[in-house]
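# Descriptive structure summary
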Amino acid sequence: MSDYDAIVIGAGMGGLTAGALLAKRGRKVLDCATPLDFERRLLLPEGAIYALQQDLPAQAMFRPSAKSKSIRGLYLTGSSTHPGGGVPSVIGSGVIAAKLIEQNEG
Ligand SMILES: Cc1cc2nc3c(=O)[nH]c(=O)nc-3n(C[C@H](O)[C@H](O)[C@H](O)COP(=O)(O)OP(=O)(O)OC[C@H]3O[C@@H](n4cnc5c(N)ncnc54)[C@H](O)[C@@H]3O)c2cc1C
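This write-up is about the structure you can find in this document. Within any chain, residue numbers begin from 1 and follow the written order of that chain's sequence. This being a predicted model, a pLDDT of at least 70 is required before a residue's local features are given, and a value of 80 or more before pairs of side-chain atoms are given or counted; all residues contribute to the totals for chains, interfaces and linings. Only hydrogens and water are set aside; all other atoms, that is, all heavy atoms of the structure, feed into the side-chain values.

## Concerning the overall build of the protein
Helical segments are the DSSP runs of H or I of at least four residues, strand segments are the runs of E of at least two, and each set is numbered from the N terminus. Counting secondary structure elements, the protein contains three helices and two strands. When the helices and strands of the protein are listed from N to C terminus, the series reads β-α-β-α-α. Since a compact globule built from 106 residues should have a radius of gyration of about 13 Å, the 19 Å found for the protein marks it as more spread out than a globular shape. Expressed along its principal axes, the backbone C-alpha trace of the protein runs to roughly 60 × 30 × 20 Å. The classification of residues rests on relative accessible area computed with a 1.4 Å probe and restricted to protein chains. Under 20% of the type maximum is buried, over 50% is exposed, and intermediate values are partly exposed. Counting every position in the protein, which comprises 106 residues, the buried fraction comes to 19%. The accessible surface values rely on the Shrake-Rupley method and a 1.4 Å probe; as for residues, cover is taken only from the protein chains in view. Of the roughly 7,700 Å² of accessible surface on the protein, a fraction of 62% belongs to carbon and sulfur atoms. Distance between charge centres in the protein, computed from 11 positive and 9 negative side chains, equals 6 Å. For the radius of gyration, the atom set is restricted to C-alpha positions; the globular benchmark scales as 2.2 Å times the number of residues to the power 0.38. Positive charges come from Lys and Arg, negative ones from Asp and Glu, while His and the chain ends are left out of the count. Throughout, a charge is located at the NZ atom of Lys, the CZ atom of Arg, the CG atom of Asp or the CD atom of Glu.

Next up, the structure:
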């Protein structure tokens, strides 16, 4: 009937714990998550996996920069900032922020 030994639906900590333990013991587990789960678990508004919209007019240099324009000493990293969402870009945004902090804050 199913390719999985267990299907975890809309899990909170309890369901995730059960799923992780079963998977660790060799069971095939499907974590069935929706954007609502991403919003609840990861605090991503409306469950958007790249946070801010990531189409052409909102990418790369069009994204908010790491250095706040309005609050002195505030630096931003992560998927809503330049260069964008996704693990490689987010690591890049951390590198950019660290460089800017060293340059501007001494
Ligand atoms: C289901 C899913 C699949 C993905 N798949 C891929 C993929 O295959 N490849 C890829 O490159 N990228 C993927 N991504 C995107 C990638 O995971 C993100 O772009 C990246 O992790 C974002 O890093 P971040 O540092 O901006 O935020 P996160 O790594 O999300 O860290 C933000 C942290 O801030 C915390 N937080 C949020 N709001 C507050 C608050 N108000 N107060 C205190 N803490 C707060 C959150 O709990 C979280 O721990 C995926 C994302 C999701 C959700």
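## Side note on the side chain of D37
By the secondary structure assignment, D37 is in helix α2 (residues 35-42). A carboxyl oxygen of Asp or Glu within 4 Å of a side-chain nitrogen of Lys or Arg is what we treat as a salt bridge. Buried and unpaired, D37 has no salt bridge, with R40 as the nearest side chain of opposite charge at 4.5 Å. A polar side-chain atom of D37 sits 2.7 Å from the main-chain amide nitrogen of T34. For this analysis, residues touch if any pair of their heavy atoms sits within 4.5 Å. With residues near it in sequence (within four places) discarded, D37 still touches G10, A11, C32 and L42. Pairing of N or O atoms within 3.5 Å defines a polar contact, subject to two protein rules: one partner must be a possible hydrogen donor and the other a possible acceptor, and residues neighboring in sequence count only if both atoms are side-chain atoms.

Geometric descriptors of this kind do not, in isolation, establish any biological role.
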